[in-house]
Amino acid sequence: TENSSIPVRNVDKNFTEGKELMGGSSHGAVTASDIQTLAFPSISTADFQFNHEKASDIIIEKVDEFLSKVENVRLVLVDLIPGSHMLSLVRAKAAQKHIDSKRFFTVAGDITRLYTESGFRCNVIANAANWRLRPGGGGVNAAIFSAAGQALEIATKKRAETLSPGSSVVVPLLPNSPLYEREGVTHVIHVLGPNMNPQRPNCLKNDYIKGCKILREAYSSLFESFASIER
Ligand code: AR6
């Protein structure tokens, strides 16, 4: 059976239980609101046409590495597509590798509506961006720029003009941004992944040696950017 057909309103029990566990822990100091949570799309696997098997291996490798290094963080892989191939691959591999299911989640839904549609509080979201950091163009990039309002475009331009493949940039949102007000998202991290689509700039023409290296760099850069955000 396909897990990702579960309606998005069905919040993963571990996600809410995680909150209670942390809140009631004997350490006392840690509460649910202290847990930084990053929601991210599968970089490069739609418009940029990157191989799904290879991409899912890299996601698992990088998530595992990051969670073993950094405490009090959670990661959520999101895909809009019902019955998403990427989500099922990643779920299966996460279970195989015994990735901590209280710290890593997969969610079928819109990354710009995680709180209002499924109750997931993610204070940071990642965007699979283009090199010019422009709004539009379809996919998750268009969804995030349109949900955040024009302020995101302006705030992004203040931080960077362009991105090179494998790198990322953190953009803080103003409290009056709809994404902040409605969803509780305080930062967007733009990431540029490797491109295998001949119709898009910097096509790697199926060079998966380079492609995998750049996708690893992209996730390392994304997770480091996330860890660097001050509360
Ligand atoms: N919420 C969650 N996931 C989404 C959403 C959404 N609203 N929309 C798409 N996805 P893609 P790429 C998933 O194509 O392959 C853009 O036009 C989607 O199903 O957005 O890195 C940029 O401007 C897939 O799993 O990004 C770039 O030019 C994942 O997000 C180019 O596409 C990434 O798909 C980047 O291509």
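Further up the page is the structure itself.
Residues numbered from 1 in each chain as written. Predicted model: local features only at pLDDT ≥ 70, side-chain atom pairs only at ≥ 80, totals over all residues. Heavy atoms only, no water.

## Quick notes on the packing of aromatic side chains
A complete count under the given rule lists seven aromatic pairs for this structure. Note on Phe-40 and Phe-223: the rings are 5.6 Å apart at their centroids and 80° apart in plane angle, and the pair reads as edge-to-face. With Phe-40 in strand β1 (residues 36-41) and Phe-223 in helix α8 (residues 208-228), this residue pair connects regions lying 183 residues apart in the sequence. Here the two residues Phe-40 and Phe-223 agree in accessibility, since each one is buried. (Phe/Tyr/Trp six-rings, centres within 6.5 Å; stacked < 30°, edge-to-face > 60°. Helix = DSSP H or I, 4+ residues; strand = E, 2+ residues; numbered from the N terminus. Buried < 20%, exposed > 50% of the residue type's maximum accessible area, 1.4 Å probe, protein only.)

## A closer look at the state of the cysteines
Inspection of the entire model under this criterion finds zero disulfides. Here Cys-203 is not cross-linked by a disulfide; its sulfur's nearest cysteine counterpart is in Cys-212, at 14 Å. Accessibility expressed as a relative area gives 22% for Cys-203, which makes it partly exposed. (Disulfide = S-S within 2.5 Å.)

## Remarks on the environment of Leu-75
Checked against the element boundaries, Leu-75 lands in strand β2 (residues 73-79). The exposure class assigned to Leu-75 is buried, which follows from its relative accessible area of 0%. Along the primary structure Leu-75 and Gly-193 are separated by 118 residues, whereas in three dimensions their C-alpha atoms are 18 Å apart. Not counting residues within four places of it along the chain, the set of residues in contact with Leu-75 comprises Leu-38, Phe-40, Val-63, Phe-66, Leu-67, Arg-103, Phe-104, Phe-105, Phe-223 and Phe-226. (Contact = heavy atoms within 4.5 Å.)

## Observations concerning the sheet that holds strand β3 (residues 104-108)
Sheet architecture is open: six strands sit in the order β3-β2-β1-β4-β6-β5, paired in mixed fashion. Both outer strands of the open sheet, β3 and β5 (168-172), are each paired with one neighbouring strand and no more. Going from strand to strand, the sheet's axes swing by 25° on average, the running direction of each strand aside. Here five bridges tie β5 to strand β6 (residues 187-191), and the two strands are oriented antiparallel to one another. Note on β6: the bridge partner recorded for Ser-168 is Val-191. The strands touched by helix α3 (residues 85-96) within the sheet are β2 and β3, with β3 carrying the most contacts at an inclination of about 155°. The sheet strands contacting α8 are β1, β2, β4 (124-128), β5 and β6, and the helix crosses β1 at an angle near 150°. (Pairing = 2+ DSSP bridges. Axes fitted to C-alpha atoms, helices over the stretch in contact; angles between N-to-C directions.)

## What about the pattern of salt bridges?
One pass over the full model with this rule turns up nine salt bridges. Here Glu-53 and Lys-93 are joined by a salt bridge, their closest N and O atoms 2.7 Å apart. Placement of the pair is Glu-53 in helix α2 (residues 52-69) and Lys-93 in helix α3, with a sequence separation of 40 residues. Taking relative accessible area as the criterion, Glu-53 reaches 42% and is therefore assigned partly exposed. Residue Lys-93 is classed as buried on the basis of its relative accessible area, which comes to 13%. Taken together, the salt bridges that share partners define one network made up of Glu-53, Asp-57 and Lys-93. (Salt bridge = Lys/Arg side-chain N within 4 Å of Asp/Glu carboxyl O.)

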